[in-house]
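Structural features, examined
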Amino acid sequence: MTFNPHSASRDELMAEVERLRGRLASVPIAPPLPDGGVSREHQRAIAEMRAEAANHLRAARRIAREASSPHPEGEDLAARLRRSEAARIMSEERLSLAFEASGSLGWWDWDLTTDKVYAGPYFASMFGVSEQEAEEGVPLELFASGIHPDDRERVALAIGESVASGGDYEQDYRLYRPATDEVIWVHARGRAYLDKAGRPLRFPGVAIDITAFRESEERKLALAALGERLRDMHDVGEIAFAAAETMAVQLNATRAGVGVVDAVQETVTMQPDWRMPGIASIAGLHHFRDYGSFIDDLKRGEIVLIEDTRRDPRTTGHHASLEAIGIRVLLNVPIIEHGQLSLVLFVHANKLRSFSEADLRFVRSVADRTHAAIGRSRAEERERLLNRELSHRLKNTLAMVQAIASQTLRNAPDMATARETLGSRLAALSRAHDLLLGPGRAATEIGAVAHDTLALHDDGQNRIRLSGPPVRLDANAALSLALILHELATNAAKYGALSVPEGTVDLQWEIEHQDGADLFRLVWRERGGPLVIEPTRRGFGSRLVERGLPGAVSGSVEQRFEPGGLVCRMESPLGALHSSDG
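As the structure is a computational prediction, the values presented were derived from the model and not from experiment. (Residues numbered from 1 in each chain as written. Predicted model: local features only at pLDDT ≥ 70, side-chain atom pairs only at ≥ 80, totals over all residues. Heavy atoms only, no water.)

**Some details on the overall build of the protein chain**
- Helix and strand counts for the protein chain stand at 16 helices and 20 strands.
- For the protein chain, buried positions account for 43% of its 582 residues.
- Taking all contacts inside the protein chain whose residues are at least 6 apart in sequence as the whole, residues at least 24 apart take part in 58%.
- Taken as a whole, the protein chain presents about 30100 Å² of accessible surface, with 53% of it coming from carbon and sulfur. (Helix = DSSP H or I, 4+ residues; strand = E, 2+ residues; numbered from the N terminus. Buried < 20%, exposed > 50% of the residue type's maximum accessible area, 1.4 Å probe, protein only. Contact = heavy atoms within 4.5 Å. Areas by Shrake-Rupley, 256 points an atom, 1.4 Å probe, with all protein chains shown as cover.)

**Overview of the packing of aromatic side chains**
- Enumeration according to the criterion identifies 9 aromatic pairs in this entry.
- Consider the rings of Phe 123 and Phe 127, whose centres lie 4.5 Å apart with planes at 35°: the pair is tilted. Taken together, the residues Phe 123 and Phe 127, both in helix H4 (residues 121-127) and 4 residues apart, mark about one turn of the helix.
- Taking the relative accessible area as the measure of exposure, Phe 123 reaches 4% and is therefore buried.
- Here the aromatic rings of Tyr 169 and Phe 203 are separated by 5.6 Å at their centres, their planes lie at 80°, and the arrangement is edge-to-face. One end of the pair, Tyr 169, is in strand E3 (residues 168-177); the other, Phe 203, is in strand E6 (residues 200-209), and 34 residues separate them in sequence.
- Judged by relative accessible area, which is 4%, Tyr 169 ranks as buried.
- Through a chain of ring-to-ring contacts, the aromatic side chains of Trp 108, Trp 110, Phe 123, Phe 127, Phe 143, Tyr 169 and Phe 203 assemble into a single cluster.
- If you follow Arg 214 out to its NZ or CZ, it ends over the ring of Trp 185, 3.7 Å from the centre.
- One Lys or Arg, Arg 353, reaches over the ring of Phe 355 and ends 4.0 Å from the middle of that ring. (Phe/Tyr/Trp six-rings, centres within 6.5 Å; stacked < 30°, edge-to-face > 60°. Lys NZ or Arg CZ within 6 Å of the ring centre and 35° of its normal.)

**Some thoughts on the pattern of salt bridges**
- Inspection of every chain in the model, using the stated rule, returns 35 salt bridges.
- Among the salt bridges present, the one from Asp 308 reaches Arg 311, with a minimum N-O distance of 3.6 Å.
- Accessibility expressed as a relative area gives 70% for Arg 311, which makes it exposed.
- Between Glu 510 and Arg 521 there is a salt bridge; the shortest N-O distance is 3.0 Å. In this pair, Glu 510 sits in strand E17 (residues 504-514) while Arg 521 sits in strand E18 (residues 517-527), placing the two residues 11 residues apart along the sequence. (Salt bridge = Lys/Arg side-chain N within 4 Å of Asp/Glu carboxyl O.)

**Points about the nonpolar core**
- In this structure, Leu 230, Met 247, Leu 331, Leu 345, Val 347, Val 363 and Val 366 are the most contacted members of the largest nonpolar core, which totals 33 residues.
- Listing elements by their share of this core, those giving two or more residues are helix H8 (211-231), helix H9 (236-251), strand E7 (255-262), strand E12 (329-337), strand E13 (340-349) and helix H12 (357-411).
- If sequence neighbours within four positions are ignored, Val 363 has contacts with Met 247, Leu 251, Leu 331, Val 333, Leu 345 and Val 347.
- With 31 residues, the next largest nonpolar core counts Val 449, Leu 454, Ile 464 and Ala 478 among its residues. (Core = buried A, V, L, I, M, F, W, Y, C linked by side-chain atoms within 4.5 Å.)

**Quick look at H9**
- Taking 1.5 Å of rise per residue, 16 residues should cover 22 Å, and H9 covers 22 Å from first to last C-alpha, within 8% of that figure.
- For H9, every residue scored as buried is listed here: Val 236, Gly 237, Ile 239, Ala 240, Ala 242, Ala 243, Ala 244, Thr 246, Met 247, Ala 248 and Leu 251.
- Structurally, the start of H9 carries an N-cap: the backbone nitrogen of Gly 237 is 3.0 Å from a side-chain oxygen of Asp 235.
- Directly beyond the C-terminal end of H9, a positive phi value near 55° is found at Asn 252. (Expected span 1.5 Å × (residues − 1). Polar contact = N/O pair within 3.5 Å; in protein donor to acceptor, adjacent residues only side chain to side chain.)

**With respect to the side chain of Glu 266**
- Summarising the element assignment, Glu 266 is placed in the loop between E7 and strand E8 (267-270).
- According to the relative accessible area criterion, Glu 266 is buried, its value standing at 16%.
- Of note is the side chain of Glu 266, whose polar atom sits 2.8 Å from the side chain of Arg 289.
- Of note is the side chain of Glu 266, whose polar atom sits 2.7 Å from the side chain of Lys 299.

**What to know about unusual backbone geometry**
- Residue Asp 115 is not a glycine yet carries a positive backbone phi of 55°.
- Positionally, Asp 115 belongs in the loop between strand E1 (105-111) and strand E2 (116-119).
- For Asp 115, a relative accessible area of 32% gives the class partly exposed.

**What about H8?**
- Between its first and last C-alpha, H8 extends 30 Å over 21 residues, near the 30 Å set by a 1.5 Å rise per residue.
- Among the residues making up H8, those that are buried are Thr 211, Arg 219, Ala 222, Leu 223, Leu 226 and Leu 230. Projected down its long axis, H8 carries its buried residues within an arc of 105°, all on one side. More than 90 degrees from the buried face of H8, the exposed residues found are Lys 220 and Leu 221. (Arc of directions from axis to C-beta.)

**Side note on the side chain of Arg 255**
- As for its placement among the helices and strands, Arg 255 is situated in strand E7.
- Assessed through its relative accessible area of 1%, Arg 255 is described here as buried.
- Within the local environment of Arg 255, its side chain forms a polar contact with the backbone oxygen of Ala 280, the two atoms lying 2.8 Å apart.
- Excluding residues within four positions of it along the chain, Arg 255 makes contact with Asp 273, Trp 274, Arg 275, Ile 279, Ala 280, Ile 282, Ile 325, Gly 326, Ile 327, Phe 346, Val 347 and His 348.

**Observations regarding the sheet that holds E18**
- Overall, mixed pairing links the 5 strands, which are arranged E15-E17-E18-E20-E19 in an open sheet. Strands at the two margins of the open sheet, each flanked by one partner only, are strand E15 (464-467) and strand E19 (556-562). Strand-to-strand, the axes of this sheet are offset by a mean angle of 15°, without reference to chain direction.
- Pairing analysis gives 7 bridges linking E19 to strand E20 (residues 565-573), with the strands arranged antiparallel. Across the sheet, residue Arg 560 finds its bridge partner in E20, namely Val 567. (Pairing = 2+ DSSP bridges. Axes fitted to C-alpha atoms, helices over the stretch in contact; angles between N-to-C directions.)

**Considering the pairing of E2**
- Only one face of E2 is buried, namely the one carrying Val 117 and Ala 119, since none of Lys 116 and Tyr 118 on the opposite face is buried.
- One ladder, built from 4 bridges, connects E1 with E2; its direction is antiparallel. In the strand pairing of E2, Asp 109 is matched with Tyr 118.
- Between the antiparallel neighbours E1 and E2 lie 4 residues, among them Asp 115 with a positive phi of about 55°.

Right, dumping it as structure tokens:
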């Protein structure tokens, strides 16, 4: 049975209000955003209640109009006015309760005859209008000033069209709060009502905060676009900048980027960063401890969010250093590889602002895509390096075979001896490649590594002389040293002392006590070879020699092209040569 406000007493009207209150309380309270079934159901429930309340409001106004004219039946005017007032209160309370329950819906009612906009507290707060002003009614211009400058003209045109035609109004637009630099998206729906003569009367409507929904949709598109960009990128710097730009634009940051971390040294090498005009780049090497203690959190794989560098205990003692490079707020997201911090994504702001859980999820999604792209780039680089090394090894092997054959034939007394010697030397070459390309072996002694690696280059005339004390090498150090000696011997056979019959090589190593620690030193010295001229271009082999030992165990390698022959000096802490030994 439908409730009829025209025939109800005040008590009946108030009873109906209580009944409607109970119905409202049963509506699930959830964010009314169009991204889930519960929210849509909630929106429909609110829309139904709004329509029902509007019917009551229209009925109350009709009763009020009837009460202002003589009534043929002489009905008590006061009674009719009480019923009208009760119906109005019921309608307003239902609408107010519905909007308050939603948590993100606001209502307005614009009296077009007086240019007064009346609005609920939530709608007023969205537009930066006080609750009292909204209750008493203010000109439309006061609300319009809260609209983003770029959207005002479009919204004004849509409102004008609705008022002129007495039609529906529906717009999505932004609100802007200069004090906090905050942007809010709203979806507004309303309708202009005209009198019988076509003159504008009222323009009521509702607005819903759709910022979270818009941001969610925009960020989905941004992540998809980032994935497309990263697919065609191979340089780590380019990948980092693409990720930085995506984060900065979506989070309205002053600076964003990616850093490659050395967790042992606690340093970070910032890749090319995105930044707003007037904000300096921080690309390059930085020490985490120069800016606070949050490196400890990053090492544990925890997201670091510092919303005020002056107040956070991790940065309060270093806030001046941070603000000097434009950081008042910072967000760092770590990437852990094999249990160790390897990359960090950062977002900076030069004035106070807050980050939501949605912001953190978005940065984590960017981090995942960036990590995958950098991992792919590094894998591709390793593949290119391996291919180059394989090509280099193949060329060296062919050159060595040629040198071995030439030396064997030159020194052999007859073909039978030459055949036997050549076969044994090629077998030695094969064993050397097993050492270089096979799996790492347990700790061994340096003399054995040097002898096994260099034996095939000696033509039986003791042209390569080894000397030095016993030194134990772990598998990494042994393989690295074998690679270096193999490269040096190959070059000596092609261009240096071993390319002529009278040339020799001395390989000496020693241990020196220096600054409270033992230092291992090894020297390769060529004599009696062709005149040495330092090459103008450094090839892959030279880089392999110089990077081999430092890359495996730390230390240094130096090559000098002296007139009498090449001299290569290698140094390393003695403990590093067998640090991985059990």
